[in-house]
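# Fold and contact review
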Amino acid sequence: MDVVVAPGPEAARIAADIVERALRTKEQPVLGLATGSSPLAVYEELARRHAEEGLSFAHARAFLLDEYVGLPEEHPERYRHVIERELAERVDFALGAVQAPDGNAEDLAQAAADYERAIAEAGGVDVQLLGIGTDGHIAFNEPGSSLASRTRIKTLTEQTRRDNARFFDGDVDAVPRHCLTQGLGTILEARHLVLLASGVSKAEAVHQMIEGPVSAMWPATVLQMHPHVTVLVDDAAASRLQLGSYFREVRAHKPGWQPW
Ligand code: GLP
(Lines give C-alpha, C1' and ligand atoms only; values in the text may rest on other atoms or scores of the structure.)
Protein backbone atom coordinates (compact mmCIF):
# COMPACT_ATOMS: atom_id res chain seq x y z
CA MET A 1 0.00 0.00 0.00
CA ASP A 2 1.43 3.33 -1.06
CA VAL A 3 0.29 5.98 1.41
CA VAL A 4 0.81 9.55 0.24
CA VAL A 5 0.17 12.41 2.65
CA ALA A 6 -0.50 15.44 0.47
CA PRO A 7 -2.83 18.45 0.44
CA GLY A 8 -6.09 18.04 -1.50
CA PRO A 9 -5.10 19.73 -4.77
CA GLU A 10 -1.88 17.72 -5.00
CA ALA A 11 -3.73 14.48 -4.18
CA ALA A 12 -6.21 15.27 -6.96
CA ARG A 13 -3.38 15.81 -9.43
CA ILE A 14 -1.75 12.50 -8.50
CA ALA A 15 -5.05 10.62 -8.88
CA ALA A 16 -5.66 12.38 -12.22
CA ASP A 17 -2.15 11.37 -13.34
CA ILE A 18 -2.96 7.73 -12.60
CA VAL A 19 -6.22 7.94 -14.56
CA GLU A 20 -4.49 9.81 -17.39
CA ARG A 21 -1.81 7.15 -17.66
CA ALA A 22 -4.48 4.45 -18.03
CA LEU A 23 -6.29 6.54 -20.66
CA ARG A 24 -3.11 7.15 -22.63
CA THR A 25 -1.58 3.67 -22.44
CA LYS A 26 -4.52 1.23 -22.59
CA GLU A 27 -6.37 0.43 -25.75
CA GLN A 28 -9.71 0.09 -23.97
CA PRO A 29 -9.25 1.52 -20.49
CA VAL A 30 -11.88 0.77 -17.89
CA LEU A 31 -12.30 3.29 -15.09
CA GLY A 32 -14.06 2.73 -11.78
CA LEU A 33 -15.78 5.91 -10.63
CA ALA A 34 -16.80 6.87 -7.11
CA THR A 35 -19.33 9.45 -5.99
CA GLY A 36 -19.21 11.54 -2.81
CA SER A 37 -17.14 14.65 -2.27
CA SER A 38 -13.70 13.00 -2.09
CA PRO A 39 -13.13 12.50 -5.85
CA LEU A 40 -14.65 15.85 -6.93
CA ALA A 41 -11.31 17.63 -7.30
CA VAL A 42 -10.05 14.70 -9.40
CA TYR A 43 -13.01 15.04 -11.78
CA GLU A 44 -12.40 18.78 -11.93
CA GLU A 45 -8.78 18.18 -12.89
CA LEU A 46 -9.70 15.50 -15.47
CA ALA A 47 -12.29 17.83 -17.04
CA ARG A 48 -9.65 20.55 -17.19
CA ARG A 49 -7.14 18.23 -18.85
CA HIS A 50 -9.82 17.22 -21.36
CA ALA A 51 -10.64 20.86 -22.19
CA GLU A 52 -7.11 22.24 -22.17
CA GLU A 53 -4.82 19.32 -22.98
CA GLY A 54 -6.96 17.11 -25.18
CA LEU A 55 -7.15 14.21 -22.74
CA SER A 56 -9.71 11.90 -24.32
CA PHE A 57 -12.13 9.43 -22.75
CA ALA A 58 -13.60 8.42 -26.11
CA HIS A 59 -12.16 4.90 -26.00
CA ALA A 60 -12.78 4.37 -22.27
CA ARG A 61 -15.56 2.74 -20.34
CA ALA A 62 -16.52 3.42 -16.76
CA PHE A 63 -18.42 1.68 -13.99
CA LEU A 64 -19.84 3.32 -10.90
CA LEU A 65 -19.35 1.72 -7.53
CA ASP A 66 -22.91 1.92 -6.32
CA GLU A 67 -26.40 3.37 -6.65
CA TYR A 68 -29.30 4.16 -4.34
CA VAL A 69 -32.35 1.95 -4.59
CA GLY A 70 -35.72 3.53 -5.28
CA LEU A 71 -34.89 7.16 -6.09
CA PRO A 72 -37.09 8.48 -8.91
CA GLU A 73 -35.39 8.23 -12.32
CA GLU A 74 -34.86 11.99 -12.63
CA HIS A 75 -33.73 12.55 -8.99
CA PRO A 76 -30.51 14.62 -9.10
CA GLU A 77 -28.89 12.53 -6.36
CA ARG A 78 -29.10 9.27 -8.27
CA TYR A 79 -25.40 8.47 -8.60
CA ARG A 80 -25.90 7.98 -12.34
CA HIS A 81 -26.87 11.67 -12.60
CA VAL A 82 -24.25 12.82 -10.12
CA ILE A 83 -21.47 11.30 -12.20
CA GLU A 84 -22.98 12.72 -15.41
CA ARG A 85 -22.82 16.21 -13.88
CA GLU A 86 -19.43 15.85 -12.26
CA LEU A 87 -17.52 14.13 -15.03
CA ALA A 88 -19.27 12.36 -17.90
CA GLU A 89 -20.94 15.42 -19.48
CA ARG A 90 -17.72 17.41 -19.22
CA VAL A 91 -15.56 14.97 -21.19
CA ASP A 92 -16.01 12.82 -24.30
CA PHE A 93 -17.13 9.38 -23.17
CA ALA A 94 -18.97 7.51 -25.93
CA LEU A 95 -22.71 7.14 -25.51
CA GLY A 96 -23.49 4.38 -23.00
CA ALA A 97 -19.85 4.02 -21.94
CA VAL A 98 -20.59 4.94 -18.33
CA GLN A 99 -22.63 2.38 -16.44
CA ALA A 100 -24.16 2.20 -12.97
CA PRO A 101 -26.04 -0.56 -11.19
CA ASP A 102 -29.78 -0.22 -11.86
CA GLY A 103 -31.18 0.73 -8.47
CA ASN A 104 -34.68 0.89 -9.91
CA ALA A 105 -34.74 -2.58 -11.48
CA GLU A 106 -37.73 -4.73 -10.65
CA ASP A 107 -35.39 -7.62 -9.93
CA LEU A 108 -32.50 -6.11 -7.96
CA ALA A 109 -30.66 -9.40 -7.51
CA GLN A 110 -30.69 -9.87 -11.28
CA ALA A 111 -29.53 -6.27 -11.80
CA ALA A 112 -26.61 -6.95 -9.45
CA ALA A 113 -25.64 -10.12 -11.31
CA ASP A 114 -25.94 -8.29 -14.66
CA TYR A 115 -23.66 -5.57 -13.37
CA GLU A 116 -20.99 -8.07 -12.32
CA ARG A 117 -21.18 -9.63 -15.78
CA ALA A 118 -20.87 -6.24 -17.51
CA ILE A 119 -17.70 -5.41 -15.57
CA ALA A 120 -16.20 -8.81 -16.36
CA GLU A 121 -17.14 -8.53 -20.06
CA ALA A 122 -15.42 -5.13 -20.22
CA GLY A 123 -12.23 -6.87 -19.05
CA GLY A 124 -12.32 -5.67 -15.44
CA VAL A 125 -11.50 -2.26 -14.00
CA ASP A 126 -8.03 -0.79 -14.58
CA VAL A 127 -8.14 2.13 -12.15
CA GLN A 128 -10.75 2.27 -9.39
CA LEU A 129 -11.24 5.58 -7.57
CA LEU A 130 -12.52 5.23 -4.01
CA GLY A 131 -13.57 7.37 -1.10
CA ILE A 132 -14.11 6.08 2.43
CA GLY A 133 -17.03 6.53 4.80
CA THR A 134 -16.53 7.67 8.38
CA ASP A 135 -17.52 4.13 9.43
CA GLY A 136 -14.88 2.63 7.13
CA HIS A 137 -17.19 1.68 4.26
CA ILE A 138 -16.01 1.68 0.67
CA ALA A 139 -18.65 1.97 -2.04
CA PHE A 140 -21.62 1.11 0.19
CA ASN A 141 -20.06 -1.92 1.87
CA GLU A 142 -21.07 -1.16 5.41
CA PRO A 143 -19.48 -2.70 8.53
CA GLY A 144 -20.26 -6.41 8.62
CA SER A 145 -19.91 -6.79 4.85
CA SER A 146 -18.32 -10.01 3.68
CA LEU A 147 -14.77 -9.39 2.59
CA ALA A 148 -15.54 -11.60 -0.44
CA SER A 149 -18.87 -9.95 -1.29
CA ARG A 150 -20.05 -9.28 -4.85
CA THR A 151 -22.48 -6.67 -6.18
CA ARG A 152 -25.67 -6.93 -4.13
CA ILE A 153 -28.36 -5.10 -2.20
CA LYS A 154 -27.24 -3.50 1.06
CA THR A 155 -28.97 -1.58 3.82
CA LEU A 156 -27.27 1.70 4.71
CA THR A 157 -26.32 2.37 8.31
CA GLU A 158 -27.89 5.25 10.21
CA GLN A 159 -24.47 6.95 10.23
CA THR A 160 -24.07 6.75 6.45
CA ARG A 161 -27.58 8.11 5.97
CA ARG A 162 -26.77 10.97 8.35
CA ASP A 163 -23.45 11.61 6.55
CA ASN A 164 -25.22 11.68 3.17
CA ALA A 165 -28.19 13.80 4.32
CA ARG A 166 -26.23 16.87 3.19
CA PHE A 167 -26.98 15.84 -0.39
CA PHE A 168 -30.72 15.70 0.46
CA ASP A 169 -31.18 19.18 1.96
CA GLY A 170 -30.13 17.84 5.36
CA ASP A 171 -33.15 15.52 5.52
CA VAL A 172 -32.05 12.07 6.77
CA ASP A 173 -35.48 10.65 5.98
CA ALA A 174 -35.00 11.53 2.31
CA VAL A 175 -31.85 9.37 2.09
CA PRO A 176 -32.77 5.93 0.75
CA ARG A 177 -32.28 2.98 3.10
CA HIS A 178 -31.10 0.59 0.42
CA CYS A 179 -28.55 0.54 -2.35
CA LEU A 180 -26.91 -1.71 -4.89
CA THR A 181 -23.17 -1.77 -4.38
CA GLN A 182 -20.18 -3.51 -5.83
CA GLY A 183 -18.92 -5.97 -3.23
CA LEU A 184 -15.54 -5.90 -1.55
CA GLY A 185 -14.57 -8.94 -3.64
CA THR A 186 -15.61 -7.09 -6.78
CA ILE A 187 -13.57 -4.00 -5.86
CA LEU A 188 -10.51 -6.11 -5.04
CA GLU A 189 -10.45 -7.35 -8.65
CA ALA A 190 -9.71 -3.85 -10.01
CA ARG A 191 -6.05 -3.67 -10.99
CA HIS A 192 -5.18 -0.40 -9.23
CA LEU A 193 -7.15 1.06 -6.33
CA VAL A 194 -6.80 4.79 -5.64
CA LEU A 195 -8.46 5.97 -2.43
CA LEU A 196 -8.82 9.62 -1.47
CA ALA A 197 -9.70 10.91 1.98
CA SER A 198 -9.56 14.32 3.57
CA GLY A 199 -10.56 15.91 6.86
CA VAL A 200 -10.38 14.81 10.46
CA SER A 201 -13.75 13.02 10.27
CA LYS A 202 -11.99 10.35 8.18
CA ALA A 203 -8.92 10.02 10.45
CA GLU A 204 -10.12 7.00 12.43
CA ALA A 205 -11.34 5.15 9.33
CA VAL A 206 -8.03 5.89 7.57
CA HIS A 207 -6.06 4.67 10.59
CA GLN A 208 -8.09 1.45 10.73
CA MET A 209 -7.85 0.90 6.97
CA ILE A 210 -4.07 1.16 6.91
CA GLU A 211 -3.04 0.01 10.37
CA GLY A 212 -5.92 -1.93 11.86
CA PRO A 213 -6.51 -5.67 11.70
CA VAL A 214 -8.36 -6.80 8.56
CA SER A 215 -11.95 -7.02 9.67
CA ALA A 216 -15.49 -6.76 8.34
CA MET A 217 -16.03 -4.17 11.11
CA TRP A 218 -13.88 -1.77 9.05
CA PRO A 219 -14.56 -2.89 5.49
CA ALA A 220 -11.82 -0.72 3.94
CA THR A 221 -9.22 -2.81 5.79
CA VAL A 222 -9.69 -5.37 2.99
CA LEU A 223 -7.51 -3.07 0.87
CA GLN A 224 -4.56 -4.45 2.83
CA MET A 225 -5.06 -7.64 0.80
CA HIS A 226 -4.68 -5.86 -2.57
CA PRO A 227 -1.25 -5.68 -4.24
CA HIS A 228 -1.65 -2.22 -5.79
CA VAL A 229 -3.29 0.46 -3.69
CA THR A 230 -2.52 4.17 -3.59
CA VAL A 231 -3.99 6.05 -0.63
CA LEU A 232 -4.01 9.84 -0.91
CA VAL A 233 -4.74 11.60 2.37
CA ASP A 234 -4.38 15.14 3.65
CA ASP A 235 -2.77 15.98 7.00
CA ALA A 236 -6.09 15.90 8.87
CA ALA A 237 -7.13 12.49 7.52
CA ALA A 238 -3.60 11.21 8.28
CA SER A 239 -3.62 12.62 11.81
CA ARG A 240 -4.22 9.29 13.59
CA LEU A 241 -1.68 7.27 11.61
CA GLN A 242 0.98 5.69 13.79
CA LEU A 243 3.16 5.41 10.70
CA GLY A 244 2.50 8.96 9.52
CA SER A 245 6.11 10.15 9.75
CA TYR A 246 7.31 6.96 8.04
CA PHE A 247 4.92 7.51 5.12
CA ARG A 248 6.14 11.11 4.78
CA GLU A 249 9.74 9.90 4.85
CA VAL A 250 9.01 7.28 2.16
CA ARG A 251 7.59 9.98 -0.06
CA ALA A 252 10.47 12.39 0.52
CA HIS A 253 12.95 9.70 -0.54
CA LYS A 254 10.91 7.97 -3.22
CA PRO A 255 13.29 6.36 -5.66
CA GLY A 256 12.74 7.39 -9.27
CA TRP A 257 12.03 3.81 -10.30
CA GLN A 258 9.04 3.41 -7.99
CA PRO A 259 5.81 3.98 -9.91
CA TRP A 260 2.71 5.35 -8.21
C1 GLP B 1 -20.77 7.47 0.05
C2 GLP B 1 -20.37 6.65 -1.19
C3 GLP B 1 -18.96 6.20 -1.11
C4 GLP B 1 -18.10 7.35 -0.66
C5 GLP B 1 -18.42 7.70 0.77
C6 GLP B 1 -17.64 8.90 1.28
O7 GLP B 1 -21.65 6.88 0.90
N8 GLP B 1 -21.22 5.54 -1.47
O9 GLP B 1 -18.54 5.70 -2.38
O10 GLP B 1 -16.74 7.00 -0.72
O11 GLP B 1 -19.79 7.90 0.94
O12 GLP B 1 -18.18 10.09 0.81
P13 GLP B 1 -17.45 11.47 0.84
O14 GLP B 1 -16.34 11.38 -0.15
O15 GLP B 1 -18.48 12.46 0.42
O16 GLP B 1 -16.96 11.68 2.21
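Residues numbered from 1 in each chain as written. Predicted model: local features only at pLDDT ≥ 70, side-chain atom pairs only at ≥ 80, totals over all residues. Heavy atoms only, no water.

Turning to the overall build of the protein, a few remarks are in order. Helix and strand content of the protein: eight helices and ten strands. At 17 Å, the protein has a C-alpha radius of gyration in line with the 18 Å of a compact globule built from 260 residues. Across its three principal axes, the protein shows a C-alpha extent of roughly 55 × 40 × 35 Å. Of all 260 residues assigned to the protein, the portion counted as buried reaches 53%. Considering only residue pairs separated by 6 or more positions, the protein has 78% of its internal contacts joining residues 24 or more positions apart. Within the protein, one finds 25 positive and 38 negative side-chain charges whose respective centroids are separated by 4 Å. (Helix = DSSP H or I, 4+ residues; strand = E, 2+ residues; numbered from the N terminus. Rg over C-alpha atoms; globule rule 2.2 N^0.38 Å. Buried < 20%, exposed > 50% of the residue type's maximum accessible area, 1.4 Å probe, protein only. Contact = heavy atoms within 4.5 Å. Lys, Arg positive; Asp, Glu negative; His and termini not counted. Charge placed at Lys NZ, Arg CZ, Asp CG, Glu CD.)

In this section: the sheet that holds strand β7 (residues 152-155). Spatially, three strands are ordered β4-β8-β7 in an open sheet, and the strand pairing comes out antiparallel. The two strands at the open ends of the sheet, each matched to only one other strand, are β4 (66-68) and β7. Direction aside, the axes of adjacent strands within the sheet are offset by 30° on average. Pairing of β4 with strand β8 (residues 178-181) involves three bridges; the strand directions are antiparallel. Each bridged residue has a counterpart across the sheet, and for Asp66 the counterpart in β8 is Thr181. (Pairing = 2+ DSSP bridges. Axes fitted to C-alpha atoms, helices over the stretch in contact; angles between N-to-C directions.)

We now examine the side chain of Thr160. Relative to the elements of secondary structure, Thr160 occurs in helix α5 (residues 158-164). A distance of 3.0 Å separates polar atoms of two side chains, one belonging to Thr160 and the other to Thr157. Excluding anything up to four places from it in sequence, Thr160 contacts Asp135, His137, Phe140 and Glu142. (Polar contact = N/O pair within 3.5 Å; in protein donor to acceptor, adjacent residues only side chain to side chain.)

Now for the environment of Arg49. Its location among the elements puts Arg49 in helix α2 (residues 40-53). Along the sequence, Arg49 and Val91 sit 42 residues apart, while their C-alpha atoms lie 9.3 Å from each other. Those residues in contact with Arg49, other than ones at most four positions away along the chain, are Arg13, Ala16, Asp17, Glu20, Gly54 and Leu55.

Where β7 and β8 come together, four bridges link them in antiparallel fashion. Across the sheet, Arg152 pairs through a bridge with Thr181, a residue of β8.

Turning our eyes to something else, we now look at helix α4 (residues 108-121). Along its 14 residues, α4 runs 20 Å from first to last C-alpha, staying within 8% of the 20 Å computed at 1.5 Å per residue. Listed as buried for α4 are Leu108, Ala111, Ala112, Tyr115, Glu116, Ala118 and Ile119. End-on, the buried residues of α4 take up no more than an arc of 160°, which puts them together on one face. Exposed side chains of α4 directed beyond 90 degrees from the buried face belong to Ala109, Ala120 and Glu121. Buried residues along α4 sit against β3 (61-64), β5 (98-99), β7, β8 and α6 (184-188). (Expected span 1.5 Å × (residues − 1). Arc of directions from axis to C-beta.)

The full count for this structure, using the stated rule, is seven aromatic pairs. Ring centres of Tyr68 and Tyr79 lie 4.8 Å apart, and the angle between their planes is 45°; this geometry places the pair in the tilted category. Within this pair, whereas Tyr68 is found in strand β4, its partner Tyr79 is found in helix α3 (residues 79-86), the two being separated by eleven residues in sequence. Ring centres of Tyr68 and Phe168 lie 5.7 Å apart, and the angle between their planes is 80°; this geometry places the pair in the edge-to-face category. With Tyr68 in strand β4 and Phe168 in the loop between α5 and β8, the pair connects residues that are 100 residues apart, well separated along the chain. An aromatic cluster of three or more residues is present, and its members are Tyr68, Tyr79, Phe140 and Phe168. (Phe/Tyr/Trp six-rings, centres within 6.5 Å; stacked < 30°, edge-to-face > 60°.)

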